[in-house]
Amino acid sequence: MSGGVITGVRVAHDTASVDAIESASGSGQRALVEELLAREGVSEAFALQTCNRAEAYVVTPHEAAGRAALEPQLSGLPAAALRWTGHEESLRHLLRVASGLESLVLGEDQIIGQFREAYSDARDAGAVGGVLEDALLKAIHVGERARTETTINEGVVSLGSAAVELAAAERPLEEATALVIGAGEMGTLAAQSLVRHDLDRLLVANRTLSRAEHVASEVGIDAEAIPLAALPTTIERADVVITATGSDEPILDPALLDSGGETLVIDIAKPRDVHPASDAIEGVAVRDLDDLETVTERTKARRAAAAREVESMIDRELDHLLEQFKRKQADEVIGAMYEGAEMAKRRELSTALAKLEAQGGLTDEQRETVEAMADALVSQLLAAPTKSLREAAAEDDWETINTAIQLFDPEFETGAVGPPGGIDPTEAEMPPEVAARLEDD
């Protein structure tokens, strides 16, 4: 039987630095899933890693075991960078991530593809069972609905994507060479937005080359990473330059840009990356943050309204998912209860029939009557507990469920039942007649 509760931990852009996210990512999401699955008490595992987040989830008998399994991955990370989630909160967060509500760019489309890939990696590793399967498929379903039924992914609201929209409005990006300077949040978003156009080449420059290589590897096309020191020989190849570093001083000056020919430079850095005199160079057009305001303001209100629609959608879908988990739990407990009753019935029936045979024997019809009476007694005696267990699960009344297990099966030793997913009463199959009765209820 499936069972367990989900425990999750994340290191994401809203709480952590790029370095912390990279540290939490380790050797990759597939390798992490396999590592987590091998840890004590873990029956299922899932990991999602992108430029802006590293998240991991495990299914264990209880939350304390989940935390113990996840903590080795977080060694050296500051506590302030971590966000832990229990079962229900993990479910809600997964729905929000797939819908784009947790993204740097509200409603962006790339995350749904990354989510599907992470789901595939976990399945291929044999790490997705009855608990995570329902949760992850529901998240993907909600993410798809959010993008087809609302306007959450229309327009732009980030400076990086706005810079690309402005560039596309001023000159064709098809077959162009684009250079992104800076591999932080805004540079990453600009690179991700640029790849939606049919570029000839994308270059990513950064002071730390490994970070530029990471962004280049994530954008989905054959991008090239270069160090900032290579700008003098690289910028002349660029038709469009988007710069977003954290430098205190300008990194692009007239002397550097003078050799580049026709170049559109969009500076979204604070303070500015481009020296003010650069705009006077013939063939060089410089745009700054003021030029981007009209681009971003057009869609902020529209996405905010769409986000509220998606939040309502998530509330409804989460309710359905939790009810599904609760029903599964109740059915597992009921199945265990019936299995115990069936074992007792068969034992006592065998004893009774043996005594009756010794007292003079039974006809086939008499044997069928005795067996039918035993079946009827089990069904009638367990009908009320079955109804009560269903109601208890719906109301999160796990004390009643645990009491019922102890009453109907005193030798039951698998431990207390917990919140959704936390049941593993027995490996026995539910009797077919019980399953059919549950489906009819």
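The structure under discussion appears in the preceding block.
Figured I'd write up the structure that's included with this text. (Residues numbered from 1 in each chain as written. Predicted model: local features only at pLDDT ≥ 70, side-chain atom pairs only at ≥ 80, totals over all residues. Heavy atoms only, no water.)

So, about the overall build of the protein chain. When you go through the protein chain residue by residue, the secondary structure sums to 15 helices and 10 strands. Among the 441 residues that make up the protein chain, the fraction classed as buried is 51%. The long-range fraction of contacts in the protein chain, counting pairs at least 24 apart against all pairs at least 6 apart in sequence, stands at 69%. Total accessible area on the protein chain is roughly 20200 Å²; 49% of this is exposed by carbon and sulfur atoms. (Helix = DSSP H or I, 4+ residues; strand = E, 2+ residues; numbered from the N terminus. Buried < 20%, exposed > 50% of the residue type's maximum accessible area, 1.4 Å probe, protein only. Contact = heavy atoms within 4.5 Å. Areas by Shrake-Rupley, 256 points an atom, 1.4 Å probe, with all protein chains shown as cover.)

Moving on to the pairing of strand S6 (residues 201–206). Looking along a regular strand, one sees the side chains alternate between the two faces of the sheet. Counting buried positions along S6 yields 5 of 6 residues, so the element is predominantly enclosed. Pairing geometry for strand S5 (residues 177–181) and S6, over 5 bridges, is parallel. Of the residues in S6, the one forming a bridge with Thr177 is Arg201. Pairing between S6 and strand S7 (residues 224–227): 4 bridges, direction parallel. Following the sheet pairing, Asn206 is matched in S7 by Pro227. Handedness of the crossover joining S6 and S7 through helix H9 (residues 209–218): right-handed. (Pairing = 2+ DSSP bridges. Right-handed = clockwise from strand over helix to strand, strands pointing away.)

With that settled, consider the sheet that holds S5. Taken in spatial order, the 6 strands of this open sheet run S7-S6-S5-S8-S9-S10, and their pairing is parallel. Pairing within the sheet leaves two strands with one partner each, and these edge strands are S7 and strand S10 (284–287). Each strand axis lies, on average, 20 degrees off the axis of its neighbour in the sheet, ignoring direction. Each of S5, S6 and strand S8 (240–243) touches helix H8 (residues 185–194); the most contacted strand, S5, lies at about 165 degrees to it. Across the sheet, H9 lies against S6 and S7, angled at about 165 degrees from S7, the strand it touches most. (Axes fitted to C-alpha atoms, helices over the stretch in contact; angles between N-to-C directions.)

Time to look at the packing of helix H12 (residues 289–358) against helix H13 (residues 364–394). It is at 9 Å that the axes of H12 and H13 come closest, and there the two elements cross at 160 degrees. In terms of orientation, H12 and H13 fall into the roughly antiparallel class. As H12 packs across H13, the resulting crossing turns out to be right-handed. Of the residues contributing to the contact of H12 with H13, the split by class is 18 nonpolar, 2 polar and 10 charged. (Parallel < 35°, antiparallel > 145°, perpendicular 65-115°, else oblique. Left-handed = near helix turned anticlockwise from the far one by under 90°. Nonpolar A, V, L, I, M, F, W, Y, C, P; charged D, E, K, R; others polar.)

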